[in-house]
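A look at the structure
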Amino acid sequence: MLQGDTIRLKCHFKTFDGVSVDPSDVKLTIYKSDQTQIEQISLDDTNRLDVGVYFYDYTPAGELNEFIFEFAGSVNNKPILSRGKVEVKFN
């Protein structure tokens, strides 16, 4: 992604059997590459595209060269999460 641009972060929560599932208390956490938390955002139905599919349009701070994002929630009182890394470039 280019510095100053907005990126759509997206995840698809599934069970071990591959069935889409909506977790409760879905949160998006943004970390620096050294795993220091930058911010945490609570998501709701406005961030839900389909069963188990969540997104958030994010514009990272200008000083970040990369960041890690984590979508997390709970299904049957057990944690479920998905992580990814985004490299930010200035071109």
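Conventions used here
Residues numbered from 1 in each chain as written. Predicted model: local features only at pLDDT ≥ 70, side-chain atom pairs only at ≥ 80, totals over all residues. Heavy atoms only, no water. Phe/Tyr/Trp six-rings, centres within 6.5 Å; stacked < 30°, edge-to-face > 60°. Helix = DSSP H or I, 4+ residues; strand = E, 2+ residues; numbered from the N terminus. Buried < 20%, exposed > 50% of the residue type's maximum accessible area, 1.4 Å probe, protein only. Polar contact = N/O pair within 3.5 Å; in protein donor to acceptor, adjacent residues only side chain to side chain. Pairing = 2+ DSSP bridges. pLDDT = per-residue confidence, 0-100. Salt bridge = Lys/Arg side-chain N within 4 Å of Asp/Glu carboxyl O. Core = buried A, V, L, I, M, F, W, Y, C linked by side-chain atoms within 4.5 Å. Axes fitted to C-alpha atoms, helices over the stretch in contact; angles between N-to-C directions.

1. What about the packing of aromatic side chains?
Within the structure shown, the criterion is met by three aromatic pairs. Ring centres of Phe 13 and Tyr 54 lie 5.9 Å apart, and the angle between their planes is 65°; this geometry places the pair in the edge-to-face category. Pair noted here: Phe 13 is in the loop between β1 (7-12) and β2 (24-32) and Tyr 54 is in strand β5 (residues 53-58), with a separation of 41 residues, a long-range link. When its relative accessible area of 2% is taken as the criterion, Phe 13 is described as buried.

2. Here's the deal with the environment of Asp 44
Tracing the backbone shows Asp 44 in the loop between β3 (37-42) and β4 (48-50). Through-space distance from the C-alpha of Asp 44 to that of Asp 25 is 8.2 Å; in sequence the pair is 19 residues apart. One polar contact links Asp 44 to Thr 46, side chain to side chain, over a distance of 2.4 Å.

3. Observations concerning the pairing of strand β7 (residues 78-87)
The side chains of a regular strand alternate, first on one face of the sheet and then on the other. The pairing of strand β6 (residues 66-75) with β7 spans ten bridges and is classified as antiparallel. The residue bridging Ile 68 from the neighbouring strand is Lys 85, located in β7. Between β6 and β7, which follow one another and run antiparallel, lie two residues, and Asn 76 among them has a positive phi close to 55°.

4. A look at the confidence of the model for the protein chain
When the pLDDT values of the protein chain are averaged, the result is 93; 100% of them are 70 or greater. When pLDDT is averaged over each element of the protein chain, β4 comes out on top at 97 and β7 at the bottom at 95.

5. Quick look at the pattern of salt bridges
Per the counting criterion, the structure on display carries five salt bridges. With a shortest N-O distance of 3.8 Å, Lys 85 and Glu 66 are connected by a salt bridge. Of this pair, Lys 85 sits in strand β7 while Glu 66 sits in strand β6, and the two are 19 residues apart along the sequence. Classification of Lys 85 as exposed rests on a relative accessible area of 56%. On the accessibility criterion, Glu 66 (24% relative accessible area) is partly exposed.

6. Side note on the nonpolar core
One finds Leu 9, Phe 13, Leu 28, Ile 30, Phe 67, Phe 69 and Phe 71 to be the most contacted residues of the largest nonpolar core, which totals 20 residues. Elements with a minimum of two residues in this core: β1, β2, β5, β6 and β7. Tallying contributions element by element places β6 first for this core, with four residues.

7. Here's the deal with the sheet that holds β1
Working definition: the strands of a sheet are paired by backbone hydrogen bonds and lie parallel or antiparallel to each other. Read from one edge to the other, the open sheet built from three strands follows the order β1-β5-β4, with strand pairing classed as antiparallel. Two strands lie at the open edges of the sheet, namely β1 and β4, each paired on one side alone. If you compare each strand with its neighbour and ignore which way they point, the axes differ by 30° on average. One ladder, built from two bridges, connects β4 with β5; its direction is antiparallel. Residue pairing for β5: Arg 48 is matched across the bridge by Tyr 54.

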